[in-house]
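A closer look at the structure
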Amino acid sequence: MIETHTERPASLEDVQRIMNHWLESLPASDSARIRISRTAGATKRLLMSTPIQGDLKFEVTQDKVSFEAKSRRISLEVPDFALTTEVDGKKFLVTFECKNYSRLKPLTRVIDSLYRTEHPVFFSRAFNALTSIANELPAQSVEELTASSTDFELLVNALFAATIKTESIDPDPLIRAKLRGIEHRKRILEKLGGTLSAEQVSETIGISRQAVDKRRGQNQLIGLTQGKRGYAYPAFQFENGRAIDGLKEVLDALSGHDPWMQSIFFANENDRLNGSTPLEALRQGKTGAVVRAAEAYGEQGAA
């Protein structure tokens, strides 16, 4: 019996998220054969490539894309995307590109989805909060926020901008402290080069998805929990197709700290390293010095 799951993505981010979640349900040998990548530039597209093999089935129509492997099938209803297909050697390529909309169509779709939600109070309160933020911020600031690369980034940026602009939205100091914490973590990840998914790590260093999970579980890689989305791996850990030299030794010294504190350690300047960050020192081959700084990390705190 084929297990079928149907989704209707609203953005390229949705397509990528849905497909990555589906791929996680497949054995690593199968999931590695389907590649998903984004293009940069004025026109953003998502490219999906699959090998032409009998055990991996795919179907593309004007408004639907389906993939099937190991009795698992994912179907994407895509009336809001322009699709192009081609065969490149032994690979089948599908390109997703958002169609042009009027300014109100994305909002109309969101409102329509609210009629079907099982959590009307949650979405109603969240919508009220965003409305308050939009009313408090200048129009230019709202437009700048709209350019955020993902919906979640837009939400975090909007909340942080609101706390800077005014306390009238929510004067609770605890709320403002939580938002500052979120913004701090975001800046730490940017300083460390962003994050990679488990699939991207698997492809980068040439090991299976299960091997990536095993290394994380053994404290050989930093993996930041993303809830149902699995783990995000700070990109600084990988260079030239492998984990950076000395990483394992430093993480052994940091084993008493959670993954976020470990990430902060690598990103912040350290007095024991003459003001260099542990990441800079590690890249210079100063593994021993970084290990000693890591062993003293609890003494100097998270700063």
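See the structure shown above.
A few points on the structure. Because the structure is predicted, anything quoted here is derived from the model rather than measured.

This part takes up the overall build of the protein. A count of helical and extended segments in the protein gives 14 helices and 13 strands. The buried share of the protein, reckoned over its 303 residues, is 35%. In the protein, of all internal contacts separated by at least 6 residues, the share reaching a separation of at least 24 is 55%. Carbon and sulfur atoms form 51% of the exposed surface of the protein, whose accessible area is close to 18000 Å².

Where side chains of opposite charge bring their charged atoms close, a pairing between them can arise. Applying the stated criterion across every chain, the model contains twelve salt bridges. Between E97 and R45 there is a salt bridge whose closest N-O contact spans 3.1 Å. Pair noted here: E97 is in strand β8 (residues 91-98) and R45 is in strand β3 (residues 45-51), with a separation of 52 residues, a long-range link. Given a relative accessible area of 32%, R45 falls into the partly exposed group. Note that E239 and R283 form a salt bridge whose closest N and O atoms lie 2.7 Å from each other. On the criterion of sequence distance, the pair formed by E239 in strand β12 (residues 238-239) and R283 in helix α12 (residues 278-283) is long-range, its members being 44 residues apart. The partly exposed category is assigned to E239, whose relative accessible area is 30%. In this structure R283 comes out as partly exposed when scored by relative accessible area, which is 48%.

Glancing now at the sheet that holds strand β2 (residues 35-38). Pairing is antiparallel in the open sheet, where four strands are placed in the order β2-β3-β8-β7. The open sheet has two edge strands, β2 and β7 (81-88), and neither has a second partner. Here the strands of the sheet are splayed against their neighbours by 20 degrees on average, with no regard to which way each runs. As paired strands, β2 and β3 are joined by four bridges and run antiparallel to one another. Looking across to β3, one finds that S37 is bridged to L47.

On the surface, L114, F122 and F123 cluster together into a nonpolar patch covering about 280 Å² of accessible area. In this structure, L114 sits in helix α3 (residues 105-114).

Attention now moves to the sheet that holds strand β4 (residues 56-60). Judged by pairing direction, the sheet is mixed, and its four strands sit side by side in the order β1-β6-β5-β4 without closing on themselves. Of all strands in the sheet, those with a lone pairing partner are β1 (3-7) and β4, marking the two edges. Shown here is a sheet whose adjacent strand axes are inclined to one another by a mean of 10 degrees, direction ignored. Sheet topology note: the strand β5 (residues 64-69)/strand β6 (residues 72-77) ladder contains six bridges and is antiparallel. Looking across to β6, one finds that F67 is bridged to I74. Together, β1, β5 and β6 form the strand contacts of helix α1 (residues 12-24), whose direction differs from that of β6 by roughly 170 degrees.

Residue position: R209 is located in helix α9 (residues 209-217). Judged by relative accessible area, R209 falls into the buried class, the value being 19%. Among all residues touching R209, those that are not within four sequence positions of it are E24, A28, A198, E199 and S202.

Taken as a whole, this structure holds six aromatic pairs when the rule is applied. Ring geometry for F122 versus F123: centroids 5.1 Å apart, planes at 85 degrees, classification edge-to-face. Ring centres of F265 and F266 lie 5.5 Å apart, and the angle between their planes is 75 degrees; this geometry places the pair in the edge-to-face category. Take F265 and F266: they sit in the same class, and that class is buried. Over the ring of Y231 we find R216, and its NZ or CZ is 3.6 Å from the ring centre.

Let's shift gears to the pairing of β8. Here β3 pairs with β8 via seven bridges, running antiparallel. Of the residues in β8, the one forming a bridge with S49 is L93. Following β7, the chain reverses through two residues before pairing antiparallel with β8; G89 in that reversal takes a positive phi of roughly 65 degrees.

Here we take up the environment of S71. With respect to the secondary-structure elements, S71 resides in the loop between β5 and β6. S71 gets classed as partly exposed once you look at its relative accessible area, which sits at 42%. In sequence terms S71 and T4 are 67 residues apart; their C-alpha atoms lie 8.5 Å from each other.

Bringing unusual backbone geometry into the picture now. The backbone phi angle of N219 is positive, close to 65 degrees, even though this residue is not glycine. When you line up the elements, N219 lands in the loop between α9 and β10 (224-225). Phi at N274 is positive, roughly 60 degrees, even though this residue is not glycine. Structurally, N274 is set in the loop between α11 (259-267) and α12. You can call N274 exposed: its relative accessible area is 77%.

What counts, and at which threshold
Residues numbered from 1 in each chain as written. Predicted model: local features only at pLDDT ≥ 70, side-chain atom pairs only at ≥ 80, totals over all residues. Heavy atoms only, no water. Helix = DSSP H or I, 4+ residues; strand = E, 2+ residues; numbered from the N terminus. Buried < 20%, exposed > 50% of the residue type's maximum accessible area, 1.4 Å probe, protein only. Contact = heavy atoms within 4.5 Å. Areas by Shrake-Rupley, 256 points an atom, 1.4 Å probe, with all protein chains shown as cover. Salt bridge = Lys/Arg side-chain N within 4 Å of Asp/Glu carboxyl O. Pairing = 2+ DSSP bridges. Axes fitted to C-alpha atoms, helices over the stretch in contact; angles between N-to-C directions. Patch = residues over 30% accessible without salt bridge, like charges linked within 9 Å, V, L, I, M, F, W, Y side chains within 5 Å. Phe/Tyr/Trp six-rings, centres within 6.5 Å; stacked < 30°, edge-to-face > 60°. Lys NZ or Arg CZ within 6 Å of the ring centre and 35° of its normal.

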